[in-house]
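Structural features, examined
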Amino acid sequence: QMCIPACLVAAGSTALPTLSYVISERNFGRLAAAAISTGRTLHLGRRSVDLHSPFRLGSNSKLHIEGGSIHGDGHSLFQVEGTRQGLLELTAVQLKHRSSTARTEKRSQGAAIFVRGKGRVALRDCEVSSDSGFGLWLVQKSDAAVHDCTFHGGERSSLVAFERSSVQVVACKFVDSTPHAICARGDAAVAVRDSTITGAALRAIYGYHSARLEVCSCRITGTRSVEAAAIQVDALRPGDAASLSLMSTTFDNNAGGDLSVSGNVERSVLNCVYDERQATEFAAFSGRERDAGHHSRLHSRSTTETEAQSHGKRDSTVWYEAQDVPSMPSRARSRSPYDFDLGDVKTK
């Protein structure tokens, strides 16, 4: 029976173990299990891990991994689920999710990290990429806090939050994402602060249905499609009520303009100079609503904004609401949607 090296699972130890450069999937599972049971950090150092099936973290388990690189071609590298007591925390880890012919044939592209239920993830100083899947995929009531990370584009969006999930993104970089850097739908809540999004194929940030978006002190440049604005928010179905808070964000050289807002969207735009355009591309559900004749929902501009509008760039410092759809109540932003932050995470 394999003896798990204590120097890999240590409280604050920086020593590198005398193991082979690549850790097998089986040995990684044993090391991770030891880290979970002892509550200590799993230090990979400069080692790498090769996974062919997802590492599943469930129930109330907490796992903190520091350093190293983890790559694989399964549905995902990590699948996280369970309760709010559980947590996957990665620090300075390089994640590389490779494509798979078998998954491509099944149209199951997966993600580097897949989080569901009430699972929680905290990433700091990581590099995340997926050849054909999402980088970080959140569904149901999952939560994530992502700090100082870099997301590299593949064939699907870098970070997606669906249903009632929430994510906080701070000081991150998104490079050449396809089609979007960040996508939120359903009742998802996404906050992005002090981050840079460069070269997204279609949109930098896309929110639709009743998504809540907060974007502050970011730089968004070089989106490549003339069909879509860098930030687009749609709330076109009956009952949809989205929100957008955009503050102190700079835009540059975005092929389809900087901002597009359609439907029942409560919006606040402060200290931004931007080029707003009418949306011509919508998500599938939004498109069906538009094609069914709901053209009155295509713009959510208040009287104040309409009177102040001029061609080209605009400097916006006023509050906007969706007044053209009175039958749909605006969505209240009563509290922060994030149940935790990296500052609340306790590591041993």
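Residues numbered from 1 in each chain as written. Predicted model: local features only at pLDDT ≥ 70, side-chain atom pairs only at ≥ 80, totals over all residues. Heavy atoms only, no water.

The next thing to look at is the overall build of the protein chain. Looking only at helices and strands, the protein chain has four helices and 30 strands in total. Relative to its 348 residues, the protein chain shows a buried fraction of 54%. (Helix = DSSP H or I, 4+ residues; strand = E, 2+ residues; numbered from the N terminus. Buried < 20%, exposed > 50% of the residue type's maximum accessible area, 1.4 Å probe, protein only.)

The subject of this paragraph is the sheet that holds strand E11 (residues 134-138). With parallel pairing, nine strands are arranged side by side in an open sheet as E3-E5-E8-E11-E14-E17-E20-E23-E26. Strands with a single pairing partner mark the edges of an open sheet, and in this sheet they are strand E3 (55-57) and strand E26 (259-263). Averaged over all adjacent pairs, the angle separating strand axes in this sheet is 10°, with direction ignored. Alignment of E3 against strand E5 (residues 76-80), held across three bridges, turns out to be parallel. Counted as the bridge partner of phenylalanine 55 is phenylalanine 78 from E5. Running over the sheet, helix H1 (residues 25-38) touches E3 and E5 and is turned about 15° from E3. (Pairing = 2+ DSSP bridges. Axes fitted to C-alpha atoms, helices over the stretch in contact; angles between N-to-C directions. Contact = heavy atoms within 4.5 Å.)

Next up on the list: the pattern of salt bridges. Here the idea is simple: oppositely charged side chains can pair when their charged atoms come close. In this structure the tally under the stated criterion is 10 salt bridges. Measuring nitrogen to oxygen at the nearest pair gives 2.6 Å for the salt bridge that ties arginine 116 to glutamate 81. Separated by 35 residues along the polypeptide, arginine 116 in the loop between strand E8 (111-115) and strand E9 (120-124) and glutamate 81 in the loop between E5 and strand E6 (87-91) bring together distant segments of the chain. Of the residues examined, glutamate 81 reaches a relative accessible area of 34% and is grouped as partly exposed. With a closest N to O distance of 2.9 Å, aspartate 275 and arginine 277 form a salt bridge. Residue aspartate 275 is classed as buried on the basis of its relative accessible area, which comes to 16%. (Salt bridge = Lys/Arg side-chain N within 4 Å of Asp/Glu carboxyl O.)

A rise of 1.5 Å per residue sets the reference length of H1, with its 14 residues, at 20 Å; its end C-alpha atoms lie 20 Å apart and thus fit the reference within 8%. When H1 is considered as a whole, its buried residues turn out to be Phe28, Leu31, Ala32, Ala34 and Ala35. Taken end-on, H1 shows its buried residues confined to a sector of 160°, consistent with a single buried face. Facing away from the buried side of H1 by over 90 degrees, the exposed positions are Arg26 and Ser37. Positive backbone phi, at 75°, marks glycine 39, one or two positions downstream of H1. (Expected span 1.5 Å × (residues − 1). Arc of directions from axis to C-beta.)

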